[in-house]
Amino acid sequence: MKTNIGVIDRSLRLIIGLLLLAWAIPVGFPPTDYNWIGWIGIVPIITAFVGYCPLYGLLNLTTNGRPKIHA
């Protein structure tokens, strides 16, 4: 499994994932009915750390600057 996520994409995924998780865990704010949506933030955090996005793999995309070699 080769990386297909670049540095900027990884950084944005990590920030967005952390913001979503912060929304899922309401500290100091009353919980709402939609806080469970914030747990989706785990997905971008995992893909940021692994460096591979399965959706990019299916669509044959890459953001890491290296051209994808077609076999």
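Residue numbering note: each chain is counted from 1, following its sequence as written. With pLDDT at 70 or above as the cut-off, local features in this predicted model cover only qualifying residues; side-chain atom pairs require 80 or more to be listed or tallied, and sums for whole chains, interfaces and linings still use all residues. To obtain the side-chain values, all non-hydrogen atoms of the structure were used and water was disregarded.

Caption draft 1: Looking closely at the overall build of the protein. For the protein, the count of helices and strands is 3 helices and 0 strands. By the criteria applied, helices consist of DSSP H or I runs no shorter than four residues and strands consist of E runs no shorter than two, each listed in order from the N terminus. Overall, the protein shows an N-to-C arrangement of helices and strands of α-α-α. The globule rule puts the C-alpha radius of gyration for 71 residues at 11 Å, and the 15 Å found for the protein is more than 25% above it. For the protein, the C-alpha atoms occupy an extent of roughly 50 × 20 × 15 Å along the three principal directions. Using a 1.4 Å probe on the protein chains alone, a residue whose accessible area is under 20% of its type maximum counts as buried, one over 50% counts as exposed, and one in between counts as partly exposed. Counting the 71 residues in the protein, one finds 25% classified as buried. Atoms considered for the radius of gyration are the C-alpha atoms alone. The globule rule reads 2.2 Å times the number of residues to the power 0.38.

Caption draft 2: Focus on the environment of N35. Structurally, N35 can be placed in the loop between helix 1 (7-24) and helix 2 (42-50). Residues N35 and L58, 23 residues apart in the sequence, show an inter-C-alpha distance of 30 Å. For this analysis, a polar contact is any N or O atom pair within 3.5 Å, provided that within protein one partner can donate a hydrogen and the other can accept it, and provided that sequence-adjacent residues contribute only side-chain to side-chain pairs. In this structure the side chain of N35 is engaged in a polar contact, spanning 2.6 Å, whose partner is the backbone oxygen of W23.

Caption draft 3: Region of the structure containing helix 1. For helix 1, with 18 residues, the first-to-last C-alpha span of 26 Å sits near the 26 Å given by 1.5 Å per residue. Residues of helix 1 that are buried: D9, R13, G17, L21 and A24. Buried residues along helix 1 cover an arc of 95° about the axis, so they all sit on one side. Across from the buried face of helix 1, at angles greater than 90 degrees, the exposed residues are V7, I8, I15, L19 and A22. Contacts were defined at the residue level, with two residues in contact if any of their heavy atoms lie within 4.5 Å. Where the residues of helix 1 are buried, they touch helix 2 and helix 3 (54-59). Here a helix's expected span is defined as the number of its residues, less one, multiplied by 1.5 Å. Our arc is simply the arc of the directions from the helix axis toward the C-beta atoms.

Caption draft 4: Region of interest: the pattern of salt bridges. A pairing counts as a salt bridge when a side-chain nitrogen of Lys or Arg comes within 4 Å of a carboxyl oxygen of Asp or Glu. This structure, assessed with the given rule, holds 1 salt bridge. For the salt bridge of R13 with D9, the shortest nitrogen-to-oxygen distance reads 3.1 Å. Of this pair, R13 and D9 are both found in helix 1, 4 residues apart, which corresponds to roughly one turn of the helix. Each member of the pair, R13 together with D9, is buried.

These figures capture arrangement, not role.
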